[in-house]
Amino acid sequence: MDRKELFEKKPKIKINNKISFCPTSAAMELIGGKWKSVILTHLIGDKKRYNELRKEIPGITERTLSLQLKQLEADGMVNRKVFTKKPPLKVEYTLTEFGQTLVPILNLIVDWGLQAAETKGEFLFEE
């Protein structure tokens, strides 16, 4: 079924046992919220450890980062690889193949965010 036909038939979309009435809502089920796209953006092109993500994303709490990573992993967006069996664990996060499909969109969001900062706001640099 092509895209036009799908829009004409207006099917409901079920993701994570939640019904959405449009593709945008379905997408936001996976990447919506304040932190998911930020986390995904930081995983573009490289694996990261938990503490690296914490340092790169100021403002996110440890609990929120942990919960969002678990959700992204459950949704098939992020891989979690554990390298040791006893504490302290060495854990790395990477984008899955499915998560990689978001990279062009995430890059556009970053570009738009920079444009918005130039147009509507300002850049603040620490000295």
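Above this text sits the structure in question.
Along each chain, numbering runs from 1 in the same order as the chain's sequence is written. Totals for whole chains, interfaces and linings use every residue, but because this is a predicted model, local features are given only for residues with pLDDT of at least 70 and side-chain atom pairs only at 80 or more, for both listing and counting. Excluding hydrogens and water, the side-chain values take into account all heavy atoms of the structure.

(A) Focus on a positive patch on the surface. The grouping of Lys47, Arg49, Lys81 and Lys90 at the surface amounts to a positive patch. Runs of H or I in DSSP of at least four residues are treated as helices and runs of E of at least two as strands, each being numbered from the N terminus. Structurally, the position occupied by lysine 47 is in the loop between helix 3 (36–42) and strand 3 (48–49). In this scheme, patches are assembled from residues that exceed 30% relative accessible area and form no salt bridge. Like charges are connected within 9 Å, while nonpolar side chains (Val, Leu, Ile, Met, Phe, Trp, Tyr) are connected within 5 Å. The protein chains shown are the only cover counted for residues, whose accessible areas, like all others here, come from Shrake-Rupley with a 1.4 Å probe. Just to be clear on terms, a salt bridge is a Lys or Arg side-chain nitrogen sitting within 4 Å of an Asp or Glu carboxyl oxygen. Only four residue types enter the tally: Lys and Arg on the positive side, Asp and Glu on the negative side; His and the chain ends are excluded. Charged side chains are reduced to one point each, which is NZ for Lys, CZ for Arg, CG for Asp and CD for Glu.

(B) Inspection of the sheet that holds strand 3 at higher detail. Paired strands, in this sense, are two strands between which DSSP finds at least two bridges. Within the open sheet, the 3 strands sit side by side as 3-5-4. Their pairing is antiparallel. Single-partner strands in this sheet number two, and they are strand 3 and strand 4 (78–82). The sheet contact formed by strand 3 and strand 5 (residues 91–95) spans 2 bridges and is antiparallel. Bridge pairing in strand 5 places arginine 49 opposite glutamate 92.

(C) The arrangement of the layout of surface pockets in detail. A cavity here means a set of points on a 1 Å grid, drawn over the protein atoms and nothing else, where a 1.4 Å probe fits but cannot get out; a pocket is an open set with protein on both sides within 12 Å along at least five of seven lines, and a residue lines either one if it has an atom within 4 Å of a point. Grid points are joined across faces, edges and corners, and a volume is the space filled by probe spheres set on the points. The space that makes up the largest pocket amounts to roughly 250 Å³. Lining the largest pocket are 13 residues, and of these Ala27, Phe98, Thr101, Leu102 and Ile105 lie nearest its centre. Going through the elements one at a time, helix 2 (23–31) and helix 7 (103–120) are the ones with two or more residues in the lining of the largest pocket. Basically, the charged four are Asp, Glu, Lys and Arg, the nonpolar ten are Ala, Val, Leu, Ile, Met, Phe, Trp, Tyr, Cys and Pro, and anything else, Gly included, counts as polar. In terms of residue class, the lining of the largest pocket is made up of 12 nonpolar, 1 polar and no charged. Lining the second largest pocket are Arg49, Tyr50, Asn51, Ser66, Leu69, Lys70, Arg80, Leu89, Val91 and Tyr93. At the level of secondary structure, the elements contributing two or more residues to the lining of the second largest pocket comprise helix 4 (50–56), helix 5 (62–74) and strand 5. Examining the composition of the lining of the second largest pocket, we find that 3 residues originate from one element, helix 5, more than from any other. Of the residues belonging to the lining of the second largest pocket, the class tally is 5 nonpolar, 2 polar and 3 charged.

(D) Local environment of a nonpolar patch on the surface. Where nonpolar side chains cluster on the molecular surface, the patch consists of Val110, Leu114, Phe123 and Phe125 and spans about 410 Å² of accessible area. Secondary-structure assignment places phenylalanine 125 in the segment after helix 7.

(E) Region of interest: the pattern of salt bridges. Going through the model one piece at a time under the given rule, you end up with 4 salt bridges. For the salt bridge of glutamate 29 with lysine 18, the shortest nitrogen-to-oxygen distance reads 3.6 Å. Linking glutamate 29 in helix 2 with lysine 18 in strand 2 (residues 18–20), this pair joins segments that are 11 residues apart in sequence. Linking glutamate 56 and lysine 48 is a salt bridge whose minimum nitrogen-to-oxygen distance equals 3.1 Å. We call a residue buried when its accessible area falls under 20% of the maximum for its residue type, exposed when it is over 50%, and partly exposed in between, using a 1.4 Å probe and counting protein chains only. For glutamate 56, a relative accessible area of 33% translates into the label partly exposed. The class of lysine 48 is buried, set by a relative accessible area of 10%.

(F) View of helix 5. Taking 1.5 Å per residue, 13 residues should reach 18 Å; helix 5 reaches 18 Å between its end C-alpha atoms and fits that length. Listing the buried residues of helix 5 in full gives Leu65, Gln68, Leu69 and Leu72. With its buried residues spanning 100° around the axis, helix 5 presents them on a single face. For helix 5, exposure combined with an orientation more than 90 degrees from the buried face picks out Arg63, Lys70 and Ala74. Here, residues are in contact when the closest pair of their heavy atoms is within 4.5 Å. Elements in contact with the buried residues of helix 5: helix 2, helix 3, helix 4, strand 4 and strand 5. Once helix 5 finishes, glycine 76 follows within two positions and takes phi at roughly 80°, a positive value. Here a helix's expected span is defined as the number of its residues, less one, multiplied by 1.5 Å. The arc in question is the one spanned by the directions pointing from the helix axis to the C-beta atoms.

Nothing here speaks to function; it is all geometry.
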